[in-house]
Amino acid sequence: MSTPHEIDPRAAGDPRNVYPSDEQFYMSDRPADCVLPEDRPRGGGGTPAPLKHRSTWATVGLIVCIVLVIAAGIALFP
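Residues numbered from 1 in each chain as written. Predicted model: local features only at pLDDT ≥ 70, side-chain atom pairs only at ≥ 80, totals over all residues. Heavy atoms only, no water.

1. As for the overall build of the protein chain
Across its full length, the protein chain carries two helices and zero strands. Taking all 78 residues of the protein chain together, the buried fraction comes to 1%. For the protein chain, the computed accessible surface area is about 8100 Å², with 64% contributed by carbon and sulfur atoms. (Helix = DSSP H or I, 4+ residues; strand = E, 2+ residues; numbered from the N terminus. Buried < 20%, exposed > 50% of the residue type's maximum accessible area, 1.4 Å probe, protein only. Areas by Shrake-Rupley, 256 points an atom, 1.4 Å probe, with all protein chains shown as cover.)

Put into structure tokens, the structure is as follows:
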């Protein structure tokens, strides 16, 4: 296994079996200054706004609506 990419040794002289190294392959379509700025920089950027939760009555109302839909389904389709 002296040749890369498991090339048949009998075909080693074939010009179609010339492969670039990993560095050459990945750098072939990149510009010379391939360092990109961060799109989401890390670090402090101020404190985020606190989370706003629904009120207790909104949660109770949601649960009551779900129970009513289930009860109506049972009552209408016995």
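2. Considering the packing of aromatic side chains
Tallied over the full model, the rule gives one aromatic pair. With centroids separated by 5.1 Å and ring planes inclined at 80°, the aromatic side chains of Phe25 and Tyr26 adopt a geometry described as edge-to-face. Given a relative accessible area of 49%, Phe25 falls into the partly exposed group. For Tyr26, a relative accessible area of 51% corresponds to the exposed category. (Phe/Tyr/Trp six-rings, centres within 6.5 Å; stacked < 30°, edge-to-face > 60°.)

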